[in-house]
Each structure stands twice: as C-alpha cells, then as structure tokens.
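Architecture and fold: a report
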Amino acid sequence: MSDVIRIENLYKSYGDVKAVSDLSFKVKEGELFAFLGVNGAGKSTTISVLSGVLSKDSGKVFIDGFDIDNDWEKTKRALGVVFQNSALDKSLSVKDNLIHRASLYGIVGKEAKDRIEYLSDLLNFKDFINRPVGKLSGGQRRKADIARALIHNPRILILDEPTTGLDPQTRTNIWAVIDSLRKNDKMTVFLTTHYMEEAADADYVVIIDSGKIVAEGTPIELKNKYTGDFVTVYGIDENSAKKIKADFEEVVGGYRFSVENTEAATKLIVENPELFKDYEVAKGKMDSVFLAVTGKKLQGDDK
C-alpha cells in the first residue's frame, strides 16, 4: 500500500511552547490510523497543519503524494476534515450548509443535489436536512459535520475526536458509516480519540506526548510490548487461586491472574489443568498501553 500522508521532521511552536517537535510518521492508503495523546500533546496542532489551518515552522508534509507547500489545491481536494468543534453555520440549514460547501469544490446543480442525497441516505439525516444547524442535537450535528467533510468525496477523512459526547447508539451508527467508506471506497481514516476501544480497532497507532512520538505500532504490537495478559478463571475459590503461581485479584465469579505474556498464560494452564475448567485469556487494553507509555490517562479534548 502507498503512503497517502507523509510527515517529515515537522515543527510547530506557539512562542516558547513547542507544540510539535521533529514529528515524522506515515499513513498508508486505506488504513484506520489512530493518533493519540492527552490535552496539549500536539494532535490538533498536527491536524491543523495537515488541513492548512495552521502554517508549520519547518518540515515537510505530503498529502496523497503532493507537497502541501507547492500543491495545496490538490492536497485540499484529497482531504475531508471533521474538527472537534463544528465548522457548520448554525443559522443555515444542513442542506444549505452542504450546498455552500459543495460549491467551494465546483460541485453545483444536479451533481450537488445527487451528492447531498447520497450522503443524507448514508448518514441518515433526511428527517432534519432542512433544519437549522443551531437547532440540532449533538449527534445530528456530528452527522452533518461528517457530511460536510465528505461532500467532495475525499480520499482521506480526518476525524478529530468525532464521537466525543455522543450516546453509544449514535457512536455505533457513525462508526458503521466510517467502516463502510473504508471497505467500499478504500478511504483512509486518520483518527484522534480518547475512546480506547476505537483506537484498539486501528490498523496502526501513534502515541504522541509533548509534541513527540513516544510509541507506535499495531495495537497488538503495542499491547505485547507495554502490557501483559490476563487469565480469568471462573468457579474456583481463594485457596485454589493461591495454588496458581501468579498475582491475582478477585472478580465476579472467579479470579483474574496477571501474567507477562501469552506464553506465561499457557504455562499456568498446563501446570494447573484441574483448575482451568472455565477460563479466558485476554490481552491488556489500549488504556494500559497509553498509561505505560505516557504515565497519563487519556481523556478530554486536545489543543
């Protein structure tokens, strides 16, 4: 797969504050790429540079093979961006917002009408398409934000905390749409999120702290490197748990044991077959990876 985003030695400062320092990474075509960091880590600064909202101090940024310094018009058409804060005009209806946005890309008349109709079906917002954006719920507004980003059929969709504050059903619906776009249109998705279950589904993860990359890899690579495995055994009592040579804690219905890796988990099972009648083995979670790498919990919005 080719690289659709390539960042080389990116620097961006605000006065004496280095928001991004010597940042380099690549995003492959069709990937779900998760870009993680706490408040102030530099995620939104990086996205603002990628999308042309901010100018960089130095470094190189390539979008869909084009240098943003020399081919901004081409790179702009390759990107669709859903910012943390809605970019829609609250006084206009969803439809009027989309018509205006489409016109900026030369999409007018029947072509614009057909595109808006397609997106209203895809994101299920026909019932409020004529409602002013200012009158929408958070979930409705987020659907309209995504439609705005998709109006020109970009190759890359940047999602900056797309599901923050949304109810679980709306989150699930939005992710179903995103997954469909990746599968059917081979769209690349660049995601920032503080919901670790969303990051756990990514193809590749970069964790940034104080403007620098502190860890990167696939979720399974990161889990194997920074967390252990957990073996939960059900239907045993504390005396039986003590016979298993590993740290443990009581959970509903049994005991959970912490081990270094899957090999160590297998060793426990082989050594205690009479106790392992009902059990499950699980990898550590991305929350644990993030905490191990940064010493911080991931929550809230980022600057």
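A short tour of the structure in this document, coming up. (Residues numbered from 1 in each chain as written. Predicted model: local features only at pLDDT ≥ 70, side-chain atom pairs only at ≥ 80, totals over all residues. Heavy atoms only, no water.)

Right, let's get into the overall build of the protein. From N to C terminus, the protein includes 11 helices and 14 strands. Projected onto its principal axes, the C-alpha coordinates of the protein cover approximately 75 × 45 × 35 Å. The buried share among the 303 residues of the protein stands at 49%. For the protein, the proportion of contacts with a sequence separation of at least 24, taken over those separated by at least 6, is 69%. Charge centroids of the protein, computed over 43 positive and 47 negative side chains, lie 4 Å from each other. (Helix = DSSP H or I, 4+ residues; strand = E, 2+ residues; numbered from the N terminus. Buried < 20%, exposed > 50% of the residue type's maximum accessible area, 1.4 Å probe, protein only. Contact = heavy atoms within 4.5 Å. Lys, Arg positive; Asp, Glu negative; His and termini not counted. Charge placed at Lys NZ, Arg CZ, Asp CG, Glu CD.)

Considering all chains together, one arrives at 18 salt bridges under this definition. For the salt bridge of Asp 67 with Lys 60, the shortest nitrogen-to-oxygen distance reads 2.6 Å. For Asp 67, a relative accessible area of 7% gives the class buried. Accessibility expressed as a relative area gives 32% for Lys 60, which makes it partly exposed. Of the charged contacts in the structure, one is a salt bridge between Asp 121 and Lys 126, with a shortest N-O distance of 2.9 Å. On the basis of relative accessibility, which here comes to 47%, the residue Asp 121 falls in the partly exposed class. Residues joined in a network through salt bridges with shared partners are Glu 29, Asp 64 and Arg 155. (Salt bridge = Lys/Arg side-chain N within 4 Å of Asp/Glu carboxyl O.)

What follows concerns the sheet that holds strand β1 (residues 3-14). The strand order across the open sheet formed by 4 strands is β2-β1-β4-β5, and the pairing between neighbours is antiparallel. Where the open sheet ends on each side, the last strands, each with one partner, are β2 (17-28) and β5 (66-67). With 5 bridges connecting them, β1 and strand β4 (residues 58-63) associate as antiparallel partners. Considered in β4, the bridge of Ile 5 is made with Ile 63. Against the sheet, helix α1 (residues 43-50) makes contact with β1, β2 and β4, and its axis sits at roughly 115 degrees relative to β1, the strand it touches most. (Pairing = 2+ DSSP bridges. Axes fitted to C-alpha atoms, helices over the stretch in contact; angles between N-to-C directions.)

Another point: the pairing of strand β11 (residues 229-234). Alignment of β11 against strand β13 (residues 254-259), held across 6 bridges, turns out to be antiparallel. Counterpart to Thr 232 in the pairing with β13 is Arg 256. Note that β11 and strand β14 (residues 279-283) share 5 bridges and pair antiparallel. When the sheet's bridge partners are listed, Val 233 is paired in β14 with Tyr 279.

Here the focus is helix α3 (residues 94-103). Those residues of α3 that fall on the buried side of the exposure criterion are Val 94, Asn 97, Leu 98, Arg 101 and Ala 102. One side of α3 holds all its buried residues, which, seen down the axis, span an arc of 130 degrees. On its buried face, α3 sits against α4 (109-123) and α5 (138-150). (Arc of directions from axis to C-beta.)

Another point: the environment of Asp 22. Its location among the elements puts Asp 22 in strand β2. Assessed through its relative accessible area of 40%, Asp 22 is described here as partly exposed. For Asp 22, the contacting residues outside a window of four places in its chain are Asn 9, Leu 10 and Tyr 11. Side-chain polar atoms of Asp 22 contact the side chain of Asn 9, separated by 2.8 Å. (Polar contact = N/O pair within 3.5 Å; in protein donor to acceptor, adjacent residues only side chain to side chain.)

Relative to the helices and strands, Asp 67 is located in strand β5. Here the side chain of Asp 67 touches Asp 69 through a polar contact of 2.8 Å, landing on its backbone nitrogen. Those residues in contact with Asp 67, other than ones at most four positions away along the chain, are Lys 60, Val 61, Phe 62, Trp 72 and Thr 75.

A few words on the nonpolar core. Here is a general trend for soluble globular proteins: nonpolar side chains tend to be buried in one another's company. Within the largest apolar cluster, 73 residues are counted, with the highest numbers of intra-cluster contacts made by Ile 5, Phe 25, Leu 36, Ile 63, Val 94, Phe 125 and Phe 190. Dropping the residues within four chain positions of it, Phe 190 is found in contact with Ile 5, Phe 25, Val 27, Phe 33, Phe 35, Ile 47, Leu 50, Leu 157, Ile 158 and Leu 159. In this structure, Tyr 255, Phe 257, Val 259 and Ile 269 belong to the second largest nonpolar core, which totals 14 residues. (Core = buried A, V, L, I, M, F, W, Y, C linked by side-chain atoms within 4.5 Å.)

Below, the discussion takes up helix α8 (residues 219-226). All of the buried residues along α8 are Pro 219, Leu 222 and Lys 223. Buried residues of α8, seen end-on, are gathered within an arc of 100 degrees and therefore sit on one face of the element. Turning to α8, the residues buried within the fold contact α7 (196-199), β9 (204-209), β10 (212-217), β14 and α11 (286-294).

We now examine the pairing of β1. Here β1 runs beside β2; their pairing, made up of 8 bridges, is antiparallel. Note on β2: the bridge partner recorded for Tyr 14 is Val 17. What sits between β1 and β2 in their antiparallel hairpin is a turn of 2 residues, with Gly 15 showing a positive phi close to 65 degrees.

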